Amino acid sequence: MITVRPSSERGRSSTGWLHSAHSFSFGAYFDLRHQGHGNLLVLNDDTMAPGKGFGTHGHRDMEIVSYVLDGALAHQDNLPTHQRQPVGPAGAEPDGDKRDAPATGILRPGDVQRMSAGWGVQHSEFNALPDQDTHFLQIWIKPLFTGIRPSYEQKHFSAADRRGRLVRIASRKGLEGSVSMNADANVWAGLFDGTEEAATHTLHPERLAYVHLARGTLKVNGVPLAGGDGALLEAESALTLHDGDQAEVLVFDLSPK
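Below is a short write-up of the structure. Every value quoted in this text rests on a predicted model; they were computed, and no experiment measured them.

Definitions and limits used
Residues numbered from 1 in each chain as written. Predicted model: local features only at pLDDT ≥ 70, side-chain atom pairs only at ≥ 80, totals over all residues. Heavy atoms only, no water. Pairing = 2+ DSSP bridges. Helix = DSSP H or I, 4+ residues; strand = E, 2+ residues; numbered from the N terminus. Phe/Tyr/Trp six-rings, centres within 6.5 Å; stacked < 30°, edge-to-face > 60°. Buried < 20%, exposed > 50% of the residue type's maximum accessible area, 1.4 Å probe, protein only.

### Some details on the pairing of strand β2 (residues 11-14)
Put simply, side chains in a regular strand alternate between the two faces of the sheet. As paired strands, β2 and strand β3 (residues 18-22) are joined by 4 bridges and run antiparallel to one another. Along β3, the bridge assignment pairs Arg12 with Ala21. Hairpin geometry of β2 and β3 is characterised by an intervening segment of 3 residues between the two adjacent antiparallel strands and by a positive phi of about 100° at Gly16.

### Regarding the packing of aromatic side chains
This structure, assessed with the given rule, holds 4 aromatic pairs. Here the aromatic rings of Phe24 and Tyr210 are separated by 5.4 Å at their centres, their planes lie at 55°, and the arrangement is tilted. With Phe24 in the loop between β3 and β4 (40-48) and Tyr210 in strand β17 (residues 208-220), the pair connects residues that are 186 residues apart, well separated along the chain. Take Tyr210: its relative accessible area is 0%, and that puts it in the buried class. On the basis of an interplanar angle of 80° and a centroid distance of 5.4 Å, the ring pair of Phe26 and Trp140 is categorised as edge-to-face. Pair noted here: Phe26 is in the loop between β3 and β4 and Trp140 is in strand β11 (residues 134-141), with a separation of 114 residues, a long-range link. Residue Phe26 is classed as partly exposed on the basis of its relative accessible area of 26%. Chaining the aromatic ring pairs together yields one cluster made of Phe24, Tyr210 and Phe252.

This is the structure in structure tokens:
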């Protein structure tokens, strides 16, 4: 069964410098029908004004994944370097001589950041560009274990690698070079633009899946999606992505709990 979550029906919020669309209930937006999908709890589509951002704030016991579509997102946290894994080529390495100093990374298109909040972490995020919006997805997934040591990881996945196929970008054990999560979930990303053949993906019918089309148009098992739409899949054994037009898509394999 496939249920479409239209972009136009998502929750909306704006602070003046941050415009957000919420696929699931978040903050002041509450919808009893949309309280996540399995262990995927939050999927926010955020556009941040130049030079603006979130001041230092705390999280705990949540797996938080950031995926940048356009612009540059700066991240700073209070984790010592031994709790941070190396960042990708587009990011910035923390200063190894200052193990307790705040560490900063820059996320650009193709970069994926995973932060395991664990027993608690303080961090801030802001648009690193002075003259351009930054557009990114903020994703929260329920952790397998609570009270773990907080950690951070960032990797780059090139457009060439994602072109015409799904690339695993996050998983519990860091499979296939993905970032590793403390969560029973997998996330893939792909770019599809008409000339590519259909991409097929096997699903476990006892698990849940979610497709989020970040932009463009695409068909999922024959069902058309437009930018910002989501598709909730239950009891499906296969996923076929086809007829893409400038499409950038994320696919989630999720625990029902």
